[in-house]
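Take a look at the letters that make up each chain.
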Amino acid sequence: MSWFSSYVRSSIGAKQVMAATGLAMVLFAIVHMLGHLGMFSGQDAYNAYAHFLQTLGGPKWIARGGLLAVFVVHVASAMRLVARNRAARPVAYAVYKPVRSTLMSRTMAMTGLVLLAFIIYHLLHFTLGMVQPEFFHKLDQAGRYDAYSMFVRGFQNVGIFASYLVAILLLSLHLGHGASSWLQSLGLRHPKYSPKLDKLGPAISLILFLGYMAPPTAVLLGLIKLPGA
Amino acid sequence: MSTMNLTVHVWRQKDARSPGKMVPYKVSGVSEHASFLEMLDVLNEQLIDKGEEPIAFDHDCREGICGMCSLMIDGRPHGGQAGTTTCQLHMRKFKNGDEIYVEPWRAAAFPVLRDLCVDRTAFEKVQQAGGFVTANVGSAPDANSVPIAKEAADRAFEAAACIGCGACVAACPNGSAMLYVAAKLTHLHMLPQGQPERLHRAQAMVNAMDAAGFGNCSNHYECEAACPKDISRDTIALMNRDFTKGTFAHRPRDTKGDGAG
């Protein structure tokens, strides 16, 4: 076994794989959120942004491939860790009272699994257009793919809005632990910075929750409308 | 002196191969000044008087420094009082009529031997893998001949306070031993004497920990809350750094050659 494969199989190595892949996805989530805040700039700006991303060509596929790899490694590694952790405590306590761990940290596997299902649904919805095919692949006046209208039509549906609300809530719970836990896993801890950095996870979670839910909520409230409506 | 009557639910298990179960016992006339272990002594006397098998539990110094006493009490290792071992936990913390649940540490790496006694040999195996420094034989060097910063000595001492009781493993939802291993590593890595073998030691002890069947850390920090010696999770961060450095930068020992020895 090479030194690298024994590293990723080790307890600390596996944690660091979770930390690094998790961090990469947090960074993606932040960029993704900032992109969607473009809904507030109107149809032209948002469709221009979507058009820019879709015509990237090679870099787009490299980014997609990288994200997929990071995602698969994160999920597979999590499943292996959960199995090992369950095996490490074969008999449960009759009484067990956690005091320091949080609801967020104890539900990582559950929130993670639901997010896995959500991300598949989300790709079927907005990337492959299989959830609402009637709104998919329409063009705007400039002949670009009309992502803006598809977004608005999607979130005018209360059911779809509710499913995204639940998913983003779970994402926030997942990152409330994960987005500061990676620091400890990588050994980045120091009394000068850690008291502040421990708040990074909850802070990122809150920002992502507000940022992700703002455009759909504005659609539902009628603040963001279809062009000409 | 006020005494109390309690119901104690205790895990009874004949031996490592037999199944166990929680059994409720009434114990009467417990002094509030008794330690938790003394309460179990009283219960055992009452069991012996009735011709029943007394409860097996680990204990030795009863001064909070040997690391033998264990016991998951009401869902917390050592009863959950901050910085306290089971032997230093007093019955005045309980009320007359309380129902108390007493279980052994639960971990695959700590198999139950009998009742409340578990086998903590796994800790010794980790220790044997690297929890030592190599020193020259001969006369002892002069005290304080190697300068050590006060802050470093303090951190080494805080980590060295680990008594190896296993409360961190018991408290961890994943049955992970990271706080124990990190305390042993930090103890040596804060001192000059620990430096020569530092990266090798971090690798060896973490590998031994993994081989023993402990779980992984999910950064819940239950270990830190349960530690009767208040050892900080900062030690785990240091272990993670050393392990990483060892993985990516350490040149492994040449085990093929005979060396110069």
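Every value quoted in this text rests on a predicted model; they were computed, and no experiment measured them.

Contact residues are listed per partner, giving 35 residues for chain A and 41 residues for chain B. Considering every element that reaches the side of chain A that touches chain B, the biggest residue donor is helix α2 (residues 11–36) of chain A, with 6 residues.

Attention now goes to the pairing of strand β5 (residues 99–103) of chain B. All names here are of chain B. Bridge count for strand β1 (residues 3–12) against β5 is 4 bridges, and the pairing is parallel. Residue pairing for β5: Val 10 is matched across the bridge by Val 102. Inspection of the sheet shows strand β3 (residues 72–73) paired to β5 by 2 bridges, in the antiparallel sense. Looking at the pairing, Ile 73 lines up with Val 102 of β5.

This next bit is on the domain arrangement of chain B. What the domain assignment reports for chain B is domain 1 (3–113) and domain 2 (120–135 + 145–249). Across the side of domain 1 of chain B that touches domain 2 of chain B, the residue classes tally to 9 nonpolar, 7 polar and 2 charged.

Between two packed helices, the angle of one axis relative to the other and the distance separating the axes together describe the packing. Residues and elements named next belong to chain B. Between helix α3 (residues 150–160) and helix α5 (residues 178–189), whose axes approach to 8 Å, the crossing angle comes to 150°. Relative to α5, α3 is oriented roughly antiparallel. Remark: the crossing between α3 and α5 carries left-handed chirality. Only Ala 183, Thr 186 and His 187 of α5 make contact with α3, whose side of the interface consists of Arg 155, Ala 156, Ala 159 and Ala 160. Here the contact of α3 with α5 is built from residues that sort into 4 nonpolar, 2 polar and 1 charged.

Residue and element names in this part refer to chain B. Read across the sheet, 5 strands follow the order β2-β1-β5-β3-β4 without closing on themselves; strand pairing throughout is mixed. The open sheet has two free edges, formed respectively by β2 (21–31) and β4 (76–77), since each of these has just one partner strand. In this sheet, β2 lies alongside β1 in antiparallel orientation, the contact comprising 9 bridges. Paired with Met 4 across the strands is Val 30, a residue of β2. Against the sheet, helix α1 (residues 36–49) engages β1, β2 and β3, with an angle of about 100° to β2.

Analysis parameters
Residues numbered from 1 in each chain as written. Chains lettered and ligands numbered in written order. Predicted model: local features only at pLDDT ≥ 70, side-chain atom pairs only at ≥ 80, totals over all residues. Contact = placed C-beta atoms within 7 Å. Helix = DSSP H or I, 4+ residues; strand = E, 2+ residues; numbered from the N terminus. Pairing = 2+ DSSP bridges. Domains from an automatic or database assignment. Nonpolar A, V, L, I, M, F, W, Y, C, P; charged D, E, K, R; others polar. Axes fitted to C-alpha atoms, helices over the stretch in contact; angles between N-to-C directions. Parallel < 35°, antiparallel > 145°, perpendicular 65-115°, else oblique. Left-handed = near helix turned anticlockwise from the far one by under 90°.

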